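So the chains spell out like this:
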Amino acid sequence: MKYSKVRTMPSGYGIVTGRAAGSLPFGVLLLAGSALALPVESAHAQENSERKGEYQEAVSVPEIIVSARRRDEALTNVPASITAYSSDFLEKQNIQTFTDYATKVPNLSFQYGQGGNLLWSGDRQTTIRGVVGNDTTAYYINDTPVPASVSPQTLNLERIEVLKGPQGTLFGASSMGGTLRFITKRASLNETSGAVQVQGGATRNGGFDFDGSAMVNAALVPDRIALDVALGYTRESGFITRRFPDAASGELVSKKGQGRNDTYTGSVTLRVKLTEDLEATINGIGQTSKLHGFPASYVPLPAYRPLSYTVERDRDVQEYSKDRWGIASLVLNYAGDGFSVISSSSYFKRKIRELEDNTEGTNQYFEQDEGIDLGRPAFHVTSLSKERRLTQEVRLSFDQGTILPDLSGIVGFFHQNQRSYSIAPGIFVQEMEDAGLIPPYLSSASADTRKIDTAFFGEVYYELAPRLTMTLGLRKYWVTQNTAASTDTGFIYGETGMSENPAVHNTETGLVPKAVLSYEIGDRGNIYASVSKGFRSGGRQARLPDFCGDDLARLGLTVDDIGQYKSDTLWSYEVGAKSRLAGGRLNASAAAFRMDWSDIQQATLLPICGISFTTNAGKARINGAEIEISGKPFAGVPLSIQLGLGHTDAILKDPGVLPQAPNSRLGLVPKWTGTISGYYEAPVNDDVSLFVAADYSYTSSTKVPDGEGGFLSRQPIDMVNGNLGLNIGHSQILIYVKNLLDKRLNYGDQPSSSFDRRDENDQRLPRGVVSRPRQIGVQYQLNF
């Protein structure tokens, strides 16, 4: 977070973890952790003179507060696997974008393009603990579920929480692998303060990068009414060069700056204390991102990595994407004697519009598959996607002793009404009409889906004996989906030029249980064992064109077999431990887990027709472990270090219709993830301190199914970042560098919305979302 000096809740520097990996005995883990400590700072900023005193003596590090069980509590009190980024860590490591933080969580990975969604702005998957695929990781902004491709800037965030393992009891469907939550800063009722920040720099082979933001918190009526406003603008310069022949002369023309991203972010929070017991919070948050061209280059096979950031195209077609989303929410919080009630009402709306150039692959299709030479005209696809979600949740929490002496818990009701609409209209092509092709456009398709999700849920915590607690959780859910009938038209649908998609109605209901047995270690941690169930709703997909029939036949399917896919489920078994040591200076955590996954919804790329579809594909078994340690290795030395390591072994036991051998690796799941970061700050005098921060993150190579029974190997992701600066009174200045080693990385290839381009060997030439080259810049921040 950029405004650490106005925080109102306890927060900490570093990745603060709820538990970590596995197979190591906990005593060994704690011995290793004795060299490190949890670098957490208090919620309120400290003056430099206070910092200086902290350098000279070892102090207990305050706990970070999380709400993983839908109530605020100390991280080490929660018997669950949690990695939390504090606002202080986000600021000190200069973390601002999804890639910045997603590469730093053990056993978390991400990829673009393998989810069957053809929108460049809406097709990013997050995988936690090997549970891969669309809608396996739930995303929340405060209490509002949002699509997993939503990436809020870190402006005005209090913290980011990553809950690992199934979270279906409290967070519902789509949390099979885990849940990622963005918690925004609360408006302070008794403090008026603010901050401004400007940042400027450059991307190698790109241009000028800029980030500017401003925030103010005003206690309009002390202890009663507060207003918090934050605004931000970020420009990430384009680093891709698009090269194409001039239409008149045929000479090559280069247009630089492709992949430029302009992001506008804003949030407004009004907090009102209506009575001593009742509080209301009205919040609005929104973001608009505009892509001028896509941050993508070709990743030719077999290397499957970007060799150049210059993209050769046949025609001058300017690609773009505009992604706008916003949330409005009202939260009422009543605090009674031994209990509390929270009502959260929110409305989420998103709109994505984009244009994609499909010239090369589409002309190759006409020439090689249809034997028609159209003169290689330009082909593009425009897409529009809209989504809205109306969400209501009510929760009642009760403290121990309110109902029974040793019982506490939470019960609640959840209801969400969701509508998704998308359309890709047909684009008239004169050359098709001249050739007598009917209709004279490639394709026109649309989909309109409504989903209603209703649930009752609860968890109770019963102290069986001193320090020994049993947690029992249950969620009863009802999910109804309705997809309207539609007609897809276009040349690709054969002689009739159309394909009928009948209306689909689907209703699911079920129970999601959870049980945890935990034992408190002193007053600074616990050991636990848990079992829980995760689930994901089924769905519908558009009918594939008939020319995909040969691909499907090799899988034993037809185009009529894959209109719907059903829900999938998994069972997770886990043991873990966490502890604070050395008078509160050290944090160490470990966990080992096993998951059995059935009827997997797996997106599969058909290699000839170049289109993905989703089907249920057998069973998988996932084993893994995590270890995370953080802290100050030397008492009285202002050095903070955190590290984490994750291992996942995901095996596809029964491949179903997938063209894979039994007991082969589950695709898109890296075996190893790891991160290490450090922060050093030393006083220069009473008003000035010097600091340096650096981090390294690693994700091992990933096997990507090629649709023909084999795999492509996506290169490891490793990234080094750092910054150096001065704290001067209430201001800060730093020099930063991101991607120090200037790595060219493939984050996943995005299938074309029409036909993929093919190389001289008639092999698919994928185009992938790639890493941004080295960035260097200067940042200035003023707190007041």
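Calculation notes
Residues numbered from 1 in each chain as written. Predicted model: local features only at pLDDT ≥ 70, side-chain atom pairs only at ≥ 80, totals over all residues. Heavy atoms only, no water. Buried < 20%, exposed > 50% of the residue type's maximum accessible area, 1.4 Å probe, protein only. Helix = DSSP H or I, 4+ residues; strand = E, 2+ residues; numbered from the N terminus. Contact = heavy atoms within 4.5 Å. Core = buried A, V, L, I, M, F, W, Y, C linked by side-chain atoms within 4.5 Å. Polar contact = N/O pair within 3.5 Å; in protein donor to acceptor, adjacent residues only side chain to side chain. Pairing = 2+ DSSP bridges. Axes fitted to C-alpha atoms, helices over the stretch in contact; angles between N-to-C directions.

Here's the deal with helix H6 (residues 359–369)
Every α-helix carries 3.6 residues per turn, so stepping three or four residues along brings you back to the same face.
Okay, step 1: Summarising burial for H6: eight of the eleven residues are buried, a large majority.
Okay, step 2: The set of residues buried in H6 consists of Thr 359, Glu 360, Gly 361, Thr 362, Asn 363, Gln 364, Tyr 365 and Phe 366.
Okay, step 3: Residues of H6 that are buried sit in contact with strand E18 (296–298), strand E19 (310–312), strand E21 (339–357) and helix H7 (430–434).
Okay, step 4: The first or second residue beyond H6 is Gly 371, which carries a positive phi of 65°.

Side note on the nonpolar core
Okay, step 1: Tyr 85, Tyr 101, Ile 160, Phe 182 and Tyr 747 are the most contacted members of the largest nonpolar core, which has 35 residues in total.
Okay, step 2: Not counting the four nearest positions on each side in its chain, Tyr 101 is found in contact with Tyr 85, Ile 95, Pro 152, Thr 154, Ile 160 and Phe 182.
Okay, step 3: In terms of nonpolar packing, the next biggest core, distinct from the first, is built from 23 residues, Val 78, Ala 80, Phe 171 and Ala 173 among them.

Quick look at the environment of Ser 420
Okay, step 1: Inspection of the secondary structure puts Ser 420 in strand E23 (residues 407–424).
Okay, step 2: A sequence separation of 47 residues divides Ser 420 from Arg 467, and the C-alpha atoms of the two residues are 47 Å apart.
Okay, step 3: For Ser 420, the contacting residues outside a window of four places in its chain are Lys 386, Glu 387, Ala 447, Asp 448 and Thr 449.

Some remarks on the side chain of Thr 263
Okay, step 1: With respect to the secondary-structure elements, Thr 263 resides in strand E16 (residues 260–273).
Okay, step 2: A polar atom in the side chain of Thr 263 sits 3.5 Å from the side chain of Ser 289.

Observations concerning the sheet that holds strand E45 (residues 746–749)
Okay, step 1: Across the sheet, three strands lie side by side as E18-E46-E45; this open sheet has antiparallel pairing. Since the sheet does not close on itself, it has two edges, and those belong to E18 and E45, each with one partner. With direction set aside, neighbouring strand axes in the sheet form an average angle of 40°.
Okay, step 2: Two elements, E45 and strand E46 (residues 767–770), share two bridges in a ladder whose sense is antiparallel. Within E46, the position partnered with Asp 749 by the bridge is Gly 768.

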